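Notes for the structure review
Now for the letters of each chain:
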Amino acid sequence: MARRIIIDTDPGQDDAVAILLALASPELDVVVITTVAGNVPQPLVTANALAMCELAGRTDVPVHMGADGPLERELYTAEYVHGPTGIDGADLPTPVMKAKDDHAVDFIIEACLDADDPITICPIGPLTNVAAAIARQPSIVSAIREVALMGGGFFEGGNTTPVAEFNIFVDPDAASIVFNSGVPLTMFPLDVTHEALVLPDDLERFSGLGTRAGTAVAGMLDYYERHDIEKYGFEGAPLHDPCVIAYLIEPQLFSGKPCRVDVETESELTMGQTVVDWWGVTGAEPNAMVIDSVDRQGFMDLLVERIGAL
Ligand code: BDR
Ligand code: CA
């Protein structure tokens with residue numbers, strides 16, 4: 001039976017590719033896509049999620065709009081990475097599909113509690129919606145199969161401040177709620193996503209598919225990689241968010257180990273840092289499976305195959 005998942009997202013080109021990968025994969029049943037302000041504000045992230053459903057021919061998947069900013073702070077966005085729309089490079093028409101009326105947080109609570117078959121939540125943006133759902137209805141924690149999230153960094157440092165990764169930096173209070181909730185967590189920090197680079201040959205494989213989805217993915221990634229190439233000297237862009245989805249489809253591509261992870265919410269200097277006890281020096285009980293490595297070629301082959309099937 002397909003694994004039931006919620007994708008909580010702030011598209012973003014890498015979110016967009018993650019959504020397409022999930023929608024193209026029979027191993028996964030995307031119950032809902034919920035949106036959160038992050039890379040760009042609401043309602044752009046919601047429009048982008050709708051556009052991906054239409055591109056994948058999956059107008060049956062409900063999209064619910066969620067938080068328009070962090071729990072307690074001002075929204076910090078990343079147009080400098082993703083462009084003014086969040087998915088620049090895709091060149092897609094304005095979606096016809098509309099978001100559903102219920103707020104994402106209400107839908108997440110309901111979907112978790114109603115499930116005979118426990119649901120997996122995949123947050124690939126700031127953790128605002130997921131934290132709000134847990135804070136409002138703590139009993140959902142024991143009903144969730146797994147939270148597999150993209151966020152944080154440890155040996156690799158940060159991409160937004162020297163020590164903080166974007167998703168955690170935008171809403172550290174929400175991240176702290178999720179990491180301390182007791183929910184089964186799998187974390188995909190920059191340490192693994194910086195191995196998941198899209199290289200020039202991969203871009204050619206996407207454009208060579210000759211399909212609408214292939215062309216849109218190649219266009220988005222071509223736009224998105226310019227930032228990482230200029231700023232970090234990388235050979236291509238890290239496909240952060242698709243790592244989460246690929247792991248649910250082919251977990252053997254990834255490796256890591258259970259660790260204690262805490263989130264800094266007070267220091268202005270290190271705000272949003274994920275403190276990962278990789279060496280177990282505190283003796284504290286692990287609260288997350290921390291992934292630090294990926295088989296890049298296997299990951300890219302999976303992506304090209306699935307995007308090619310759309
Ligand atoms: C994360 O931040 C966003 O820019 C990406 O979509 C990804 O979720 C990487 O730090
Ligand atoms: Ca994202």
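Quick note: structure is the one above.
Here goes a summary of the coordinates provided. This is a predicted model, so every value here is computed, not measured.

1. Overview of the layout of surface pockets
Of the voids in this model, the largest pocket is the one considered here, and its volume is about 160 Å³. Lining the largest pocket are 13 residues, with Asn 48, Ala 51, Thr 85, Ile 87 and Leu 92 sitting closest to its centre. Counted by class, the lining of the largest pocket contains eight nonpolar, three polar and two charged residues.

2. Observations concerning the coordination of the calcium ion (ligand 2)
Geometry sets the ideal angles at a metal, namely 109.5 degrees for four tetrahedral donors and 90 or 180 degrees for six octahedral donors. Around the calcium ion (ligand 2), the donor atoms from the protein are Asp 10 (OD), Asp 15 (OD), Asp 15 (OD), Ile 124 (O) and Asp 241 (OD), and they sit 2.2 to 2.5 Å away. Binding-site remark: the calcium ion (ligand 2) is held by donors from one chain whose sequence spacing is D-x4-D-x108-I-x116-D. Within this pair, whereas Asp 10 is found in the loop between β1 (3–9) and α1 (13–23), its partner Ile 124 is found in the loop between β4 (119–123) and α5 (128–136), the two being separated by 114 residues in sequence. Accessibility assignment for this pair places Asp 10 and Ile 124 in one class, buried.

3. Side note on a negative patch on the surface
Together, Asp 101, Asp 102, Glu 110, Asp 114 and Asp 116 line one region of the surface with negative charge. Mapped onto the elements of the fold, Asp 102 is located in the loop between α3 (79–82) and α4 (104–114). Taking relative accessible area as the criterion, Asp 102 reaches 39% and is therefore assigned partly exposed.

4. Notes on the packing of α1 against helix α12 (residues 296–308)
At their nearest, the axes of α1 and α12 sit 9 Å apart, and the two run at 70 degrees to each other. Accordingly, the angle class assigned to the pair α1 and α12 is roughly perpendicular. Judged by the sense of rotation from one axis to the other, the crossing of α1 with α12 is left-handed. Where α1 approaches α12, its residues Val 17, Leu 20 and Leu 21 are matched on the opposing element by Leu 302, Leu 303, Arg 306 and Ile 307. Residue composition of the contact of α1 with α12, grouped by class: six nonpolar, no polar and one charged.

5. Observations regarding the sheet that holds strand β2 (residues 28–35)
Spatially, eight strands are ordered β3-β2-β1-β4-β5-β6-β12-β9 in an open sheet, and the strand pairing comes out mixed. Lying at the two open borders of the sheet, with one neighbouring strand each, are β3 (63–65) and β9 (254–259). Across this sheet, the average inter-strand angle for adjacent strands is 25 degrees, counted without regard to direction. In this structure, strand β5 (residues 144–150) lies alongside strand β6 (residues 185–188), joined through four bridges in parallel fashion. Residue pairing across strands places Leu 149 opposite Met 187, the latter belonging to β6.

6. Comments concerning the state of the cysteines
Counted according to the given criterion, the structure contains zero disulfides. Among the cysteines around Cys 53, which has no disulfide bond, Cys 122 carries the closest sulfur, lying 14 Å off. Here Cys 112 stays free of any disulfide, with the sulfur of Cys 122 as its closest cysteine sulfur at 12 Å.

7. Considering the site of ligand 1
In the vicinity of ligand 1, the contacting residues are Asp 14, Asp 15, Asn 39, His 82, Ile 124, Met 150, Asn 159, Glu 165, Phe 166, Asn 167, His 240 and Asp 241. Between Glu 165 and ligand 1, the recorded distance is 2.4 Å, taken from a side-chain N or O atom to an oxygen atom. In this structure, ligand 1 is accommodated by the largest cavity. Of all the secondary structure elements, the ones that give two or more residues to the shell around ligand 1 are α1 and α6 (166–170). Looking at the shell around ligand 1 residue by residue, the class counts come to three nonpolar, five polar and four charged.

Conventions adopted
- Residues numbered from 1 in each chain as written.
- Chains lettered and ligands numbered in written order.
- Predicted model: local features only at pLDDT ≥ 70, side-chain atom pairs only at ≥ 80, totals over all residues.
- Heavy atoms only, no water.
- 1 Å grid on protein atoms, 1.4 Å probe; cavity = no way out; pocket = protein on both sides within 12 Å on 5 of 7 lines; lining within 4 Å.
- Points joined across faces, edges and corners; volume = space filled by probe spheres on them.
- Nonpolar A, V, L, I, M, F, W, Y, C, P; charged D, E, K, R; others polar.
- Donors = N, O, S within 2.8 Å, 3.2 Å for Na, K, Ca; no water.
- Helix = DSSP H or I, 4+ residues; strand = E, 2+ residues; numbered from the N terminus.
- Buried < 20%, exposed > 50% of the residue type's maximum accessible area, 1.4 Å probe, protein only.
- Patch = residues over 30% accessible without salt bridge, like charges linked within 9 Å, V, L, I, M, F, W, Y side chains within 5 Å.
- Areas by Shrake-Rupley, 256 points an atom, 1.4 Å probe, with all protein chains shown as cover.
- Salt bridge = Lys/Arg side-chain N within 4 Å of Asp/Glu carboxyl O.
- Lys, Arg positive; Asp, Glu negative; His and termini not counted.
- Charge placed at Lys NZ, Arg CZ, Asp CG, Glu CD.
- Axes fitted to C-alpha atoms, helices over the stretch in contact; angles between N-to-C directions.
- Parallel < 35°, antiparallel > 145°, perpendicular 65-115°, else oblique.
- Left-handed = near helix turned anticlockwise from the far one by under 90°.
- Contact = heavy atoms within 4.5 Å.
- Pairing = 2+ DSSP bridges.
- Disulfide = S-S within 2.5 Å.
- Near = heavy atom within 4 Å.
- Polar contact = N/O pair within 3.5 Å; in protein donor to acceptor, adjacent residues only side chain to side chain.
- Sits in = over half its atoms within 2 Å of the grid points.

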